[in-house]
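# A closer look at the structure
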Amino acid sequence: EIASCLVGSEMCIRDRGRYKVDCDVLTVRTGPGTNYDWKKFNQLTPNAQAQIKELSNSRPNGLVRGCICDVSEVKGEWGKIPSGWICLKYCKKA
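Residues numbered from 1 in each chain as written. Predicted model: local features only at pLDDT ≥ 70, side-chain atom pairs only at ≥ 80, totals over all residues. Heavy atoms only, no water.

Let us now look at the nonpolar core. Judged by nonpolar contacts, the single largest core of 19 residues is most densely connected at Val21, Leu26, Ile52, Leu63, Ile86, Leu88 and Cys91. Going through the elements one at a time, β3 (17-21), α1 (46-55), β5 (63-64) and β6 (68-71) are the ones with two or more residues in this core. If sequence neighbours within four positions are ignored, Val21 has contacts with Leu26, Leu63, Val64, Arg65, Gly66, Cys67, Cys69, Tyr90 and Cys91. (Core = buried A, V, L, I, M, F, W, Y, C linked by side-chain atoms within 4.5 Å. Buried < 20%, exposed > 50% of the residue type's maximum accessible area, 1.4 Å probe, protein only. Helix = DSSP H or I, 4+ residues; strand = E, 2+ residues; numbered from the N terminus. Contact = heavy atoms within 4.5 Å.)

Listed below in structure tokens is the structure:
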């Protein structure tokens, strides 16, 4: 599945694949939207926790800048990763 979106004045295409987090902390949610609950640090996969520990001095409730995520499904601007759902507008294709 491929989704398109508008970022500023540019059209972007969101599809499955590898992404890199491009914000300080990116909330991981239980579903594709802000109406879904967010996940705490200890609810993320061991791989996500290890990346966060390596890139950050803290354990925020979300992914940190530089985390690499494999997106298996896209719904609008949301991508499904093993830990849950993230908003792809805060990520760059890796």
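Read on, since the account is not over.
This paragraph deals with the sheet that holds β3. One open sheet accounts for three strands, arranged β6-β3-β10; its pairing is antiparallel. Here the strands that pair on one side only, and so sit at the sheet edges, are β6 and β10 (91-93). Across this sheet, the average inter-strand angle for adjacent strands is 35 degrees, counted without regard to direction. With four bridges connecting them, β3 and β6 associate as antiparallel partners. Along β6, the bridge assignment pairs Arg18 with Asp70. (Pairing = 2+ DSSP bridges. Axes fitted to C-alpha atoms, helices over the stretch in contact; angles between N-to-C directions.)

Here we take up the side chain of Lys39. Within the element layout of this structure, Lys39 appears in the loop between β4 (25-26) and α1. Reaching out from Lys39, the side chain makes a polar contact with the backbone oxygen of Ser83 at a distance of 2.6 Å. Apart from the residues within four sequence positions on either side, Lys39 is in contact with Val28, Thr30, Leu44, Asn61, Ser83 and Gly84. (Polar contact = N/O pair within 3.5 Å; in protein donor to acceptor, adjacent residues only side chain to side chain.)

Residue position: Pro60 is located in the loop between α1 and β5. Excluding anything up to four places from it in sequence, Pro60 contacts Val25, Phe41 and Ile52.

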